[in-house]
Amino acid sequence: MRWITVGTVFCLACVFSFGQERKDAPVQEKEDLLVELFKMAAEQEFIREKTSFINLINGLNLSKEQMSEILKVNEEFRAEVERRYDELKEKFKQAKECFERWIEIIKKGELPEKEMKETQMADSEMVKIGHWVQSLQQKYGEHLDKVFTDAQRAVIDDFNPCIVPPQNLRDPIRVGQASGANPELINGLRFIRSLNGKPFQQRIVIESAVQRAVKFETELAHLTEEEQKVEAERIRKLIEKACDMSDVDFELNKDKLAEEFISGSAYEKLKKLQKEMEKIGSEIQKIGKERRLRNADRVVKYFLNPVIVEPILKERLGSFEEKKSSGAEKAGQNR
Amino acid sequence: MGLFDDVPLNRREFIKAILKGGVAVSSLPLALKLLGILEEPAYAELVQKMLVPHSRPLDNNRVQCLVCPFNCILKIKERSQCFTKQNDDGKLFTYAYHNPCIISVDPVEKMPLHHYLPGSQTLTLAIGGCNLHCLYCQNWQQSQKKPDELKMAAKMDKDETLSALKKKELKILAFNYTEPVVMLEWIIELSKFVRPKGYKVVIGTALYINAEPLKALLDAVDGVVVGLKGFTEEFYKKVTGGTLKPVLDGLVKVKEEKKHLEVVNLVVPTYNDKEEDIKRMCEWFVKNLGAETPLHFSRFEPMYKLQNLPRTPLKTLETAHKMAKDCGIKFVYIDNLAPHPANDTYCPKCNKPLIKRVGLRILENSLKEGKCSQCGESIPGVWR
Ligand SMILES: [Zn+2]
């Protein structure tokens, strides 16, 4: 499973590059513009990850003890990796030199035995480092997994990385609140139903809604013409089904209809598939391990990342202390 | 980061984008109205009315409503302050009858009921109107309107209600979101019809009601969630327009009648979050309702006329939770804030988490026939 190894090695490289001052890095006189853009994109990705992490922890209502524990695990992970810094740095350097030599050789179409063995050795060193990082992730992931309650784990499992938190984290359905999920969609269906006695006008509105929906999905998920036809028919049928229902049946089934409307869309189907793939990936990695560890993957993905986790949690824990010292009367004003 | 994480879109935006088309709620109806396609439906014509038994005639064709402590005295064609009752020709009629503006299928946890058939769904009905006028009402679009002003979701008489319960295979009929007290006559009619057939009836209410109608209401229901909105007369007057004492009397009555009871206190920053008031409330609670009655502290969300306030801080809710536990209340919950350990039900004897929840969803229920699966302690509630 080379791809995992490459990924973890890259991860490790990130830990080093953000965690350490790298004064010895060679500075090119004039940067390749594309490389420069790639770097900016990587920076952007880092910021997105950080934003997403804050959204996630905002939605988890972590206790002070939980934050301290997550921070502690990250610090231990960092320390364990950094203990091998000099050795690993040397290994990366040697591998880099070796691979560069190898590039020159294969460019000429040659495959000399000695250099080939050297390169394979260097490569297997990298694989070993990858495995080592994986074993650390496994070890610390198990620690982290124990920090969360079942309810928090359920939120982590459902979480999608985001810049703006999704509705269910931002404004979840409250007890005693009349409106449920998808109120706009349900109101839309109500409106079309209100045209039940006016078939001509209703048809115009339905077709307009169908076209908009398909156009939107096409932009999003690149539907082929055939797929567009199928999707249009699906949406049309759903709206017609809603129109044919009695008032009571519509009210009883409105949430189900809305859910069908959304979860049947091409976009949602692809998202679902993506989640399933992620699950399968983690299953493969965790075969033979106890069931609970399935969650650890997501926990590692979000919470074992000292570069992001440490500064944010340190700041939060700091503000906990501040609040405590500034007295309880102010608590009512905090948001 | 996955394949679609970069797409700056979520479900809500997906829906919005679709609605921007033909289904747009805001612009299109208006445009069609201008074209004469849509006419304003005459809801009032669809509405049935019913005589209010809890009333008495006065001189000059006036009539007095006796349902709630406001005891409204109404002249001909005058409406009660709860929006539902009217003096028609010297008799008091309710316009909250068979005409719900809300019909929905919800988790029972949304009532909130945590000790009543957890994981079940309810057929929830609500008619417009309320006798209180809380500044933070989260359903003010329905509660602060005349029932005949609102679009009726569907006519719900006893046959329609029973048929809906059967169709969706639901066991519980619920009245929530607006105020059951103002639709008392309808609740009693439906309840008399469905309860003998094995269905349960539950209500979510502020319990601002006079003793006699309360007796009639309690006779018609199995479970009651009461919003005890604060613990000072000042708060009730300022925020709800009502008074505290009738609510407390009502709570005691619910307990006396041995109905399943859960109490919700919405904690509003700077309005009812004073620790001494919460403490007094908890002490009164234990003394009058018992330590086994579940108490929910609910998080306030800026709403209606109190949009200038922040949401209730986590710490405030946790402090209230702790105070209630310290007072001896065995089942204390925090609502509208999840995930949180105080969403779960614990065994009061061995502290094992028995029902784990995240928001309105049940994650795990390890109760065995109403008893703790670890130590066998009996947990109060309706479990099957
Ligand atoms: Zn126990």
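The coordinates are above.
In this text the structure is predicted, and so the values were computed from the model without any measurement. (Residues numbered from 1 in each chain as written. Chains lettered and ligands numbered in written order. Predicted model: local features only at pLDDT ≥ 70, side-chain atom pairs only at ≥ 80, totals over all residues. Heavy atoms only, no water.)

Remarks on the overall build of chain A
Applied cut-off: Runs of E in the DSSP output that reach at least two residues are strands. Runs of H or I that reach at least four are helices, and both are numbered from the N terminus. When a residue's accessible area, from a 1.4 Å probe over protein chains only, is under 20% of the maximum for its type it is buried; when over 50% it is exposed; and in between it is partly exposed. The contact criterion used is simple: two residues touch if any of their non-hydrogen atoms lie within 4.5 Å. Reported accessibility uses the Shrake-Rupley method at a 1.4 Å probe radius. Residues are deemed covered only where the shown protein chains occlude them.
For chain A, the count of helices and strands is 14 helices and 0 strands. The secondary structure elements of chain A, listed N-terminal to C-terminal, are α-α-α-α-α-α-α-α-α-α-α-α-α-α. A buried classification covers 39% of the 335 residues belonging to chain A. Sequence separation of 24 or more characterises 76% of the internal contacts of chain A that already satisfy a separation of 6 or more. Only carbon and sulfur atoms are counted for the fraction: they give 56% of the accessible area of chain A, which is about 19,600 Å².

Quick notes on the sheet that holds strand β15 (residues 345-346) of chain B
Selection rule: For two strands to pair, DSSP has to find at least two bridges joining them. Comment: axis = line fitted to C-alpha atoms, over the contacting stretch for helices; angle = value between 0 and 180 degrees taken between N-to-C directions.
An order of β15-β16-β17 (chain B) is seen for the 3 strands of this open sheet, with the pairing classed as antiparallel. At either end of the open sheet lies a strand with only one pairing partner, and these are β15 and β17 (361-365) of chain B. Relative to strand β16 (residues 353-358) of chain B, β15(B) runs antiparallel, the two sharing 2 bridges. Looking at the pairing, B:Tyr346 lines up with B:Pro353 of β16(B). Strands in contact with helix α6 (residues 150-158) of chain A are β16 and β17 of chain B; relative to β17(B), the strand with the most contacts, it is inclined by about 130°.

A closer look at the sheet that holds strand β4 (residues 73-74) of chain B
For sheets, the rule is that strands pair by backbone hydrogen bonds, running either parallel or antiparallel. Residues and elements named next belong to chain B. The strand order across the open sheet built from 3 strands is β2-β3-β4, with neighbouring strands paired in antiparallel fashion. Bordering the open sheet on either side are β2 (55-57) and β4, each of which pairs with just one other strand. Here 2 bridges tie strand β3 (residues 63-65) to β4, and the two strands are oriented antiparallel to one another. Residue Val 63 lies in a different strand from β4, and its bridge partner there is Leu 74.

Quick word on a nonpolar patch on the surface
All names here are of chain A. Rules: Grouping into patches uses exposed residues only, defined as over 30% relative accessible area, and leaves out salt-bridged ones; the cut-off is 9 Å for like charges and 5 Å for nonpolar side chains (Val, Leu, Ile, Met, Phe, Trp, Tyr). Think of a salt bridge as a Lys or Arg side-chain nitrogen and an Asp or Glu carboxyl oxygen that are within 4 Å of each other.
A surface patch of nonpolar side chains, amounting to about 440 Å² of accessible area, comprises Leu 34, Leu 37, Phe 38 and Met 40. Take Leu 37: it is sitting in helix α2 (residues 33-60). Residue Leu 37 is classed as exposed on the basis of its relative accessible area of 51%.

Observations concerning empty space enclosed by the protein
So the rule is basically this: Cavity means a closed set of points on a 1 Å grid over the protein atoms alone, one where a 1.4 Å probe fits but cannot get out, pocket means an open set with protein on both sides within 12 Å along at least 5 of 7 lines, and lining means a residue has an atom within 4 Å of a point. Grid points are joined across faces, edges and corners, and a volume is the space filled by probe spheres set on the points. Three classes are used: nonpolar for Ala, Val, Leu, Ile, Met, Phe, Trp, Tyr, Cys and Pro, charged for Asp, Glu, Lys and Arg, and polar for all others, with Gly counted as polar. An automatic or database domain assignment supplies the residue ranges for each domain.
This structure, assessed with the given rule, holds 5 cavities of 30 Å³ or more. Around the largest cavity, the lining is made up of 34 residues, and of these A:Gly176, B:Tyr136, B:Gln138, B:Asn139 and B:Lys229 lie nearest the centre. Of all the secondary-structure elements, those providing two or more residues to the lining of the largest cavity are β10 (200-205), β11 (223-227), β12 (260-267) and β13 (295-299) of chain B. By volume, the second largest cavity amounts to about 50 Å³. For the second largest cavity, the full set of lining residues is B:Cys65, B:Val67, B:Cys68, B:Cys72, B:Ser80, B:Gln81, B:Cys82, B:Lys85, B:Asn131, B:Val181 and B:Val182. Residue classes in the lining of the second largest cavity are distributed as 7 nonpolar, 3 polar and 1 charged. Mapping the lining of the second largest cavity onto the domain boundaries places at least three of its residues in each of domain 1 (50-94) and domain 2 (102-365) of chain B.

A closer look at the nonpolar core
Which entries qualify depends on this criterion: We call a set of buried Ala, Val, Leu, Ile, Met, Phe, Trp, Tyr and Cys residues a nonpolar core when their side-chain atoms join them within 4.5 Å.
In this structure, B:Leu123, B:Phe175, B:Leu228, B:Leu251 and B:Phe297 are the most contacted members of the largest nonpolar core, which totals 88 residues. Element by element, the count of residues in this core is highest for helix α6 (residues 184-194) of chain B, at 7 residues. If you count residues domain by domain, this core takes at least three from each of domain 1 (50-94) and domain 2 (102-365) of chain B. Formed by 42 residues, the second largest nonpolar core is a distinct cluster that contains A:Ile129, A:Phe148, A:Ala151 and A:Leu317.

Observations concerning the coordination of the zinc ion
Residues and elements named next belong to chain B. Here is the rule we go by: Listed donor atoms are N, O and S within 2.8 Å of the metal (Na, K and Ca: 3.2 Å). As water is not included, a site may look incomplete. Geometry is assigned from donor-metal-donor angles: four donors are tetrahedral when every angle falls between 85 and 135 degrees, four are square planar and six octahedral when opposite donors sit over 155 degrees apart with all other angles between 65 and 115, and any other arrangement is irregular.
Protein-derived ligands of the zinc ion are Cys 347 (SG), Cys 350 (SG), Cys 372 (SG) and Cys 375 (SG), with the metal-ligand distances lying across 2.3 Å. Here the zinc ion is ringed by 4 donor atoms whose angles at the metal span 104 to 115°, and the overall shape comes out tetrahedral. Exposure remark for Cys 347: the relative accessible area of 1% places this residue in the buried category.

Quick look at the environment of B:Glu364
In this structure, B:Glu364 sits in strand β17. With 16 residues separating them along the chain, B:Glu364 and B:Pro348 place their C-alpha atoms 18 Å apart. Those residues within four positions of B:Glu364 in sequence are excluded, and the remaining contacts are A:Asp150, B:Leu354, B:Ile355 and B:Lys356.

Observations regarding the pattern of salt bridges
All names here are of chain A. What the rule picks out here adds up to 46 salt bridges over all chains. Across the pair Glu 75 and Lys 314 runs a salt bridge whose closest N-O atoms are separated by 3.7 Å. Highlighted residues: Glu 75 in helix α3 (residues 64-83) and Lys 314 in helix α14 (residues 306-325), separated in sequence by 239 residues. Residue Lys 314 is classed as partly exposed on the basis of its relative accessible area, which comes to 45%.

Section: the packing of aromatic side chains
Heads up, the condition is: Two aromatic rings, drawn from Phe, Tyr or Trp (for Trp, its six-membered ring), form a pair once their centres lie within 6.5 Å of each other, and the interplanar angle then sorts them: stacked below 30 degrees, edge-to-face above 60, tilted otherwise. Any Lys NZ or Arg CZ found within 6 Å of a ring centre and within 35 degrees of that ring's normal is scored as a charge over the ring.
The final tally for this structure, using the stated rule, is 10 aromatic pairs over all chains. Each ring, one from A:Phe148 and one from A:Phe303, has its centre 4.8 Å from the other, and the planes form 55°; the classification is tilted. Separated by 155 residues along the polypeptide, A:Phe148 in the loop between α5 (113-145) and α6 and A:Phe303 in helix α13 (residues 296-303) bring together distant segments of the chain. Accessibility assignment for this pair places A:Phe148 and A:Phe303 in one class, buried. Taking the centre distance of 5.3 Å and the plane angle of 65° together, the rings of B:Phe70 and B:Tyr208 count as edge-to-face. Note that B:Phe70 is positioned in the loop between β3 and β4 and B:Tyr208 in the loop between β10 and α7 (211-220), a separation of 138 residues in sequence. Residue B:Phe70 is classed as partly exposed on the basis of its relative accessible area, which comes to 29%. Clustering of aromatic rings is evident, with ring pairs tying together A:Phe53, A:Phe148 and A:Phe303. Residue placement shows A:Arg84 over the ring face of A:Trp132; its charged tip is 4.3 Å from the ring centre. Between B:Lys49 and the ring centre of B:Phe93, over which it is positioned, the NZ or CZ distance is 4.5 Å.

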